[in-house]
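Each chain is listed here by its residues.
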Amino acid sequence: MIWSNRVDANLAANRLTTTIAALRAKGRPIIDLTLSNPTVADFKYPPGLLNALGHTRGLVYRPEPFGLREAREAVAADYERRGVSVSASRIVLTASTSEAYSLLFKVLCDPGADILVPRPSYPLLDHLARLDAVHTRFYDLEYLQRWGVDFASLERTISPAARAIVVVSPNNPTGSRIRRLELDRLDRFAREHDAAVIVDEVFVDYDLANGTGTEAAVPLQGESSSLLFSLGGLSKSIGLPQAKLAWIAVNGPPGLVDQALARLEFAADAYLSVSTPVQEAAADLLAAGGVVREQIQERVADNYRHLVQSVPETSGCTVLGADGGWYAVLRVPAIAPEEDLVLALLEGDGVLTHPGYFFDFQSGAHVVISLLPAPEPFREGAARLIRHFACTHDGA
Ligand SMILES: Cc1ncc(COP(=O)(O)O)c(C=O)c1O
């Protein structure tokens with residue numbers, strides 16, 4: 001049988017996955033500092049939150065490629081909550097952000113075209129691109145007290161086949177928000193190279209650095225000189241990944257926006273994948289879900305603050321600066337390959353973390369942890385992690 005190479009031929013579990021399975025099979029307790037599912041992280045969801053999904057309006061199917069007008073208006077109103085103005089007519093609903101990427105790749109890229117993706121960043125991007133027969137090329141983020149775009153690497157990476165430049169803001173896992181000047185420069189760069197800009201803003205609501213968010217909000221009002229797509233969704237904005245509702249907001253020169261919307265309409269019409277009940281419920285979910293967002297915001301900010309305060313300068317670990325999102329990056333002593341470091345921490349101290357290479361860090365040794373876990377396991381896991389690396393550091 002000959003298979004498509006959009007799916008890697010090697011689907012074997014990696015060492016970390018097999019070790020976790022073995023430890024769980026033995027009943028060993030593990031503190032999971034990779035937890036990224038908010039629905040099992042001890043937040044208080046309003047018990048009636050999903051009632052809106054049962055509305056009788058949902059019994060009538062009204063197929064609309066971009067989604068129901070009311071739902072698109074609810075998303076526009078949610079942008080307004082953050083002080084960003086966008087017309088509902090420029091909002092396209094999708095079932096997830098992953099699906100939003102897929103639709104954009106379909107309308108922007110022929111098979112084999114390039115998209116430029118930040119490094120380090122969200123590992124799924126590479127898989128999503130490959131599943132759509134698109135090629136990823138990496139431009140670097142560099143860390144100089146904070147993470148920023150390395151424009152020289154962007155210049156080196158751009159190719160005539162490039163159709164889009166992806167920005168994740170706040171980025172997973174670095175937590176960096178794209179700065180106004182960076183975005184302006186990227187916008188001009190993309191325009192010069194006839195590429196679009198895709199800004200993944202799923203974590204936009206979550207601040208780790210006391211309110212830099214609105215300053216760095218991506219403009220959807222007024223003209224960007226390139227075609228600019230902003231992505232968001234309920235999975236992070238109100239902690240409801242199972243609701244399966246996300247969106248794309250389109251901005252740019254009006255002629256290009258119209259062409260993009262016409263193509264997106266064609267592609268979305270072929271799938272019509274967003275369920276009617278979730279569209280009917282969108283306004284209510286966005287309104288009532290705010291209380292979940294507030295809890296997540298408080299949790300991630302508290303956990304990040306605790307982490308920063310509890311890492312002594314002499315420990316050999318450094319918590320890297322982050323603006324927002326759900327993750328923290330620690331630079332750790334590079335005494336072994338990252339996978340070995342993470343396995344030693346897991347097997348020796350029962351703490352699960354992500355090795356930096358999952359996210360393509362280019363130098364040094366890093367571990368990435370989620371800021372979502374409840375305070376008690378988070379603090380215990382962080383304490384063990386710091387002790388662990390302090391010992392390895394002393395022994396090095
Ligand atoms: C940067 C980023 N974008 C998108 C997603 C996925 O969002 P969705 O559940 O809407 O597909 C994630 C999930 O972790 C993410 O980290």
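Our structure's up above, just so we're on the same page.
Here the structure is a predicted model, which means the values were calculated and not measured.

Honestly, the overall build of the protein chain in this entry has me stumped. Any pointers?
Within the protein chain, the secondary structure is distributed over 12 helices and 14 strands. Whereas a compact globule of 396 residues would reach a radius of gyration of roughly 21 Å, the protein chain reaches 21 Å, a difference of no more than 12%. Per-residue burial for the protein chain yields a buried fraction of 55% across its 396 residues. Considering only intrachain contacts with a sequence separation of at least 6, the fraction spanning at least 24 residues in the protein chain is 74%.

Explain helix 9 (residues 276-288) here, please?
What sets the pattern is the α-helix's 3.6 residues per turn: residues three or four places apart point alike. The end-to-end C-alpha separation of helix 9 is 19 Å, in line with the 18 Å expected for 13 residues at 1.5 Å each. The sharpest bend along helix 9 comes to roughly 55°, located at alanine 282. Buried residues in helix 9 make contact with helix 2 (69-81), strand 2 (91-94), helix 7 (234-237), strand 9 (246-251) and helix 10 (290-310). Backbone nitrogen of valine 278 and a side-chain oxygen of the N-cap are separated by 3.2 Å at the start of helix 9; the cap is serine 275.

What is the right way to read the sheet that holds strand 11 (residues 327-332) from this model?
For sheets, the rule is that strands pair by backbone hydrogen bonds, running either parallel or antiparallel. Strands sit in the order 10-11-14-13 across an open sheet of four strands; the sheet is antiparallel. Each edge of the open sheet is held by one strand with a lone partner, namely strand 10 (318-319) and strand 13 (354-355). The pairing of strand 10 with strand 11 spans two bridges and is antiparallel. Of the residues in strand 11, the one forming a bridge with valine 319 is leucine 330.

Looking at this model, I keep getting lost on the pairing of strand 14 (residues 365-370). Mind explaining?
Working note: regular strand, side chains alternate between the two faces of the sheet. Within strand 14, six of the six residues are buried, which leaves it mostly tucked inside the rest of the structure. Across the two faces of strand 14 the burial is the same, with Ala365, Val367 and Ile369 and His366, Val368 and Ser370 all buried. Relative to strand 14, strand 11 runs antiparallel, the two being bridged by six bridges. Looking across to strand 14, one finds that valine 332 is bridged to alanine 365. Here two bridges tie strand 13 to strand 14, and the two strands are oriented antiparallel to one another.

Can you help me understand the nonpolar core in this one?
Where a protein is soluble and globular, its nonpolar side chains tend to be buried together. Ile91, Leu307, Leu330 and Leu385 are the most contacted members of the largest nonpolar core, which totals 93 residues. In terms of nonpolar packing, the next biggest core, distinct from the first, is built from 32 residues, Leu104, Cys109, Phe229 and Val250 among them.

How do you make sense of the pattern of salt bridges when you look at a structure like this?
Opposite charge on two side chains permits them to pair, given that their charged atoms come into close proximity. One pass over the full model with this rule turns up 18 salt bridges. Here aspartate 78 makes a salt bridge to arginine 81, at a shortest N to O gap of 2.9 Å. In this pair, aspartate 78 and arginine 81 both sit in helix 2, three residues apart, roughly one turn of the helix. A residue is classified by how much of its surface remains accessible, and aspartate 78, at 9% relative accessible area, is buried. Where aspartate 207 meets arginine 177, a salt bridge forms, and the shortest distance between an N and an O atom there is 2.9 Å.

Which parts of the structure should I look at to understand the packing of helix 9 against helix 10?
If you want to describe how two helices pack, look at the angle between their axes and the distance between the axes. Where helix 9 contacts helix 10, the two axes come as close as 4 Å, and the packing angle between them is 40°. Here helix 9 is positioned oblique relative to helix 10, judged by the angle of their axes. Facing Leu286, Ala287 and Ala288 of helix 9, the residues of helix 10 in contact are Gly290, Val291 and Arg293. Partitioned by chemical class, the residues of the contact of helix 9 with helix 10 number four nonpolar, one polar and one charged.

Can you help me understand the side chain of serine 96 in this one?
Structurally, the position occupied by serine 96 is in the loop between strand 2 and helix 3 (97-108). A distance of 3.4 Å separates the side chain of serine 96 from the backbone nitrogen of serine 98, its partner in a polar contact. Those residues in contact with serine 96 that sit more than four places away from it in its chain are Lys244 and Ala246.

What's the story with the site of the ligand in this structure? I'm lost.
The local shell around the ligand consists of Ser96, Thr97, Ser98, Tyr122, Val168, Asn172, Asp200, Val202, Phe203, Ser235 and Lys236. Between the ligand and asparagine 172, the relevant distance is 2.8 Å, taken from an oxygen atom to a side-chain nitrogen or oxygen of the residue. Taking lysine 236, its side chain carries an N or O atom lying 3.2 Å from an oxygen atom of the ligand. Going through the elements one at a time, helix 3 and helix 7 are the ones with two or more residues in the shell around the ligand. Residue composition of the shell around the ligand, grouped by class: four nonpolar, five polar and two charged.

I'm lost on helix 10 in this one. Help?
Under the 1.5 Å per step criterion, the end-to-end length of helix 10 is 30 Å for 21 residues, consistent within 8% with the ideal 30 Å. For helix 10, the full list of buried residues reads Gly290, Val292, Arg293, Ile296, Arg299, Val300, Ala301, Asn303, Tyr304, His306 and Leu307.

What exactly am I supposed to notice about the sheet that holds strand 4 (residues 135-144) here?
One open sheet accounts for eight strands, arranged 2-9-8-7-6-3-4-5; its pairing is mixed. Each of the sheet's edge strands pairs with one partner strand only, and the pair in question is strand 2 and strand 5 (146-149). Here the strands of the sheet are splayed against their neighbours by 25° on average, with no regard to which way each runs. The pairing of strand 8 (residues 228-233) with strand 9 spans six bridges and is antiparallel. Considered in strand 9, the bridge of phenylalanine 229 is made with valine 250. Contacting strand 3 (114-119), strand 4 and strand 6 (162-168), helix 4 (residues 124-131) crosses the sheet at an angle of about 165° to strand 4.

Would you take a moment to explain unusual backbone geometry for this structure?
Residues other than glycine predominantly adopt negative phi, and peptide bonds predominantly adopt the trans conformation. The step from arginine 119 to proline 120 runs through a cis peptide bond, and the omega angle for that step is 5°. Here the amide bond leading from serine 169 into proline 170 is cis, since omega sits at -5°, within 30 degrees of zero. Turning to its location among the elements, proline 170 is positioned in the loop between strand 6 and helix 6 (180-192). The residue glutamine 145 is not glycine, and still its phi comes out positive at about 70°. By the element assignment, glutamine 145 lies in the loop between strand 4 and strand 5. Positive phi outside glycine occurs at aspartate 194, with the angle close to 55°. Note on placement: aspartate 194 falls in the loop between helix 6 and strand 7 (196-200).

Thresholds applied
- Residues numbered from 1 in each chain as written.
- Predicted model: local features only at pLDDT ≥ 70, side-chain atom pairs only at ≥ 80, totals over all residues.
- Heavy atoms only, no water.
- Helix = DSSP H or I, 4+ residues; strand = E, 2+ residues; numbered from the N terminus.
- Rg over C-alpha atoms; globule rule 2.2 N^0.38 Å.
- Buried < 20%, exposed > 50% of the residue type's maximum accessible area, 1.4 Å probe, protein only.
- Contact = heavy atoms within 4.5 Å.
- Expected span 1.5 Å × (residues − 1).
- Bend = angle between axes of the 7 residues up to and from the residue.
- Polar contact = N/O pair within 3.5 Å; in protein donor to acceptor, adjacent residues only side chain to side chain.
- Pairing = 2+ DSSP bridges.
- Core = buried A, V, L, I, M, F, W, Y, C linked by side-chain atoms within 4.5 Å.
- Salt bridge = Lys/Arg side-chain N within 4 Å of Asp/Glu carboxyl O.
- Axes fitted to C-alpha atoms, helices over the stretch in contact; angles between N-to-C directions.
- Parallel < 35°, antiparallel > 145°, perpendicular 65-115°, else oblique.
- Nonpolar A, V, L, I, M, F, W, Y, C, P; charged D, E, K, R; others polar.
- Near = heavy atom within 4 Å.

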